[in-house]
Amino acid sequence: MSRRRTVSTKKKLALLVSAAAVAGGGAFVMANTSNAAQTPRTLSAAESTVCQGLATALGNNQTFIDGQRAAPDAQSAARIANREAVIAQIKVQQKASGCAVGESAQGSQATQPAQGGQQAGGAQQTAQPSQTASAAAPAGNAGGGAAASGQQVCNGSTVTLSGEAGAPAASSNQFPAGTKLKVTNLDNNKSTTVEVTSVSGSCALLNNAAFEQVREPGKFLIRRALIEKVG
């Protein structure tokens, strides 16, 4: 009888050890699976409208900085410092939104023909050649300051935000400071009329306050925009 009890006890111990090992292994696998599920996946601009809008805003600001460095004037250093701060803030927004930090993209408005005009501060802006011939622009889509008041401009351009603070305003590579533009988001029919206060790498780049007036929740890019010169 004592031998049977000894064997039985050994079997019980072995079973308990095996069960503990299996349970521990299962818990380890579950923990690893849980940790993997909790790790957020970084999204690219091609996968998210939010990420695309932020990448476009970053790209537009970087284009502006590159232009200032290529043709500097007395105020270029201050403008560049301001836009670098804007880019830093955009990167913070990219991280918070789960986007690839530092990803840059160019909006369609960046390919619009640049026109001569006054930069902020009174310096003359040199017109840059466009990648698309101006003769190819569709009728009724005037570019730059030559457009009449009330005329649609920058046809086909998307609109995003510059990341700059302050009262509602816009920056542009086609219109001089003081020009008034009406921007309508055709997806929600919201409009804002703003004054161009500085130059940028886009036909119309809205600052944060102006963009908030026409944006759709959670989006940083307006794909279907109507831009009109109204003053």
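Calculation notes
- Residues numbered from 1 in each chain as written.
- Predicted model: local features only at pLDDT ≥ 70, side-chain atom pairs only at ≥ 80, totals over all residues.
- Heavy atoms only, no water.
- Disulfide = S-S within 2.5 Å.
- Helix = DSSP H or I, 4+ residues; strand = E, 2+ residues; numbered from the N terminus.
- Buried < 20%, exposed > 50% of the residue type's maximum accessible area, 1.4 Å probe, protein only.
- Expected span 1.5 Å × (residues − 1).
- Arc of directions from axis to C-beta.
- Polar contact = N/O pair within 3.5 Å; in protein donor to acceptor, adjacent residues only side chain to side chain.
- Pairing = 2+ DSSP bridges.
- pLDDT = per-residue confidence, 0-100.
- Contact = heavy atoms within 4.5 Å.

It is not clear to me how the state of the cysteines should be interpreted in this structure. Could you clarify?
Here is the idea: a disulfide is a covalent bond, and it sits between the sulfur atoms of two cysteines. Inspection of every chain in the model, using the stated rule, returns 2 disulfides. With its sulfur 1.5 Å from that of its partner, Cys154 forms a disulfide with Cys203. On the sign convention where negative is left-handed, the bridge of Cys154 and Cys203, at about 60° about the S-S bond, is right-handed. Taken together, the residues span a long stretch of sequence, with Cys154 in the loop between strand E3 (151-153) and strand E4 (159-160) and Cys203 in the loop between strand E7 (190-199) and strand E8 (205-206) at a distance of 49 residues. Assessed through its relative accessible area of 2%, Cys154 is described here as buried. For the protein, the bonded cysteines pair up as 1-2, 3-4 when numbered in the order they occur along the sequence.

It is not clear to me how helix H3 (residues 76-96) should be interpreted in this structure. Could you clarify?
Side chains that are three or four residues apart share a direction in an α-helix, a result of its 3.6 residues per turn. End to end, H3 covers 30 Å across 21 residues, agreeing with the expected 30 Å (1.5 Å per residue, within 8%). Those residues of H3 not exposed but buried are Ser76, Arg79, Ile80, Arg83, Val86, Ile87, Ile90 and Gln94. Along the axis of H3, the buried residues cluster in a sector spanning 120°; they form a single face. Facing away from the buried side of H3 by more than 90 degrees, the exposed set consists of Ala77, Ala78, Lys95 and Ala96. Where H3 ends, the next residue or the one after it, Gly98, has phi of about 80°, a positive value.

I keep staring at helix H2 (residues 49-70) and nothing clicks. Help me out?
In a regular helix each residue adds 1.5 Å, so 22 residues correspond to 32 Å; H2 covers 31 Å between its end C-alpha atoms and thus fits that length. Between the side-chain oxygen at the start of H2 and the backbone nitrogen of Val50 there is a gap of 3.3 Å, and the oxygen is on Ser48.

Sorry if this is basic, but what is going on with the sheet that holds E3 here?
Sheet strands pair by backbone hydrogen bonding; their relative direction is either parallel or antiparallel. Across the sheet, 6 strands lie side by side as E3-E10-E6-E7-E5-E8; this open sheet has mixed pairing. Pairing within the sheet leaves two strands with one partner each, and these edge strands are E3 and E8. Sheet topology places strand E6 (residues 180-185) next to E7; 6 bridges connect them, and they run antiparallel. The residue of E7 that forms the bridge with Thr184 is Ser191.

What should I look at first to understand the confidence of the model for the protein in this one?
As a general rule, the predicted coordinates of low-pLDDT regions are not to be interpreted in detail. Averaged over the protein, the pLDDT score is 73; the fraction of residues at 70 or greater is 64%. Within the protein, the element-level pLDDT minimum falls on strand E1 (residues 117-118), averaging 34, and the maximum on E6, averaging 95. Confidence drops under pLDDT 50 across residues 108-143; counting only partners more than four residues distant or on other chains, this segment forms 73 contacts.

I keep staring at the environment of Gln174 and nothing clicks. Help me out?
Looking at the secondary structure, you find Gln174 in the loop between strand E5 (170-172) and E6. Spatially, the C-alpha atom of Gln174 lies 9.1 Å from that of Cys154, the residues being 20 residues apart in sequence.

Explanation requested: the environment of Gly156 in the structure shown.
Its place among the elements puts Gly156 in the loop between E3 and E4. The sequence separation of Gly156 and Arg223 amounts to 67 residues, and the corresponding C-alpha distance is 8.5 Å.

Can you help me understand the side chain of Ser200 in this one?
For Ser200, the position within the fold is in the loop between E7 and E8. A polar contact is formed between the side chain of Ser200 and the side chain of Ser171, at a distance of 3.3 Å. A polar contact of 3.3 Å, which involves the side chain of Ser200, links it to the backbone nitrogen of Ser202. For Ser200, the contacting residues outside a window of four places in its chain are Phe64, Arg83, Ser171, Ser172, Asn173 and Leu205.

Looking at this structure, I do not really get the side chain of Asn207. What am I missing?
Tracing the sequence through the fold places Asn207 in the loop between E8 and helix H4 (208-212). Here the side chain of Asn207 touches Ala210 through a polar contact of 3.0 Å, landing on its backbone nitrogen. If we ignore the near neighbours within four places in the chain, the residues touching Asn207 are Ser162, Glu164, Ala165, Gly166, Ala167, Pro168 and Ala169.

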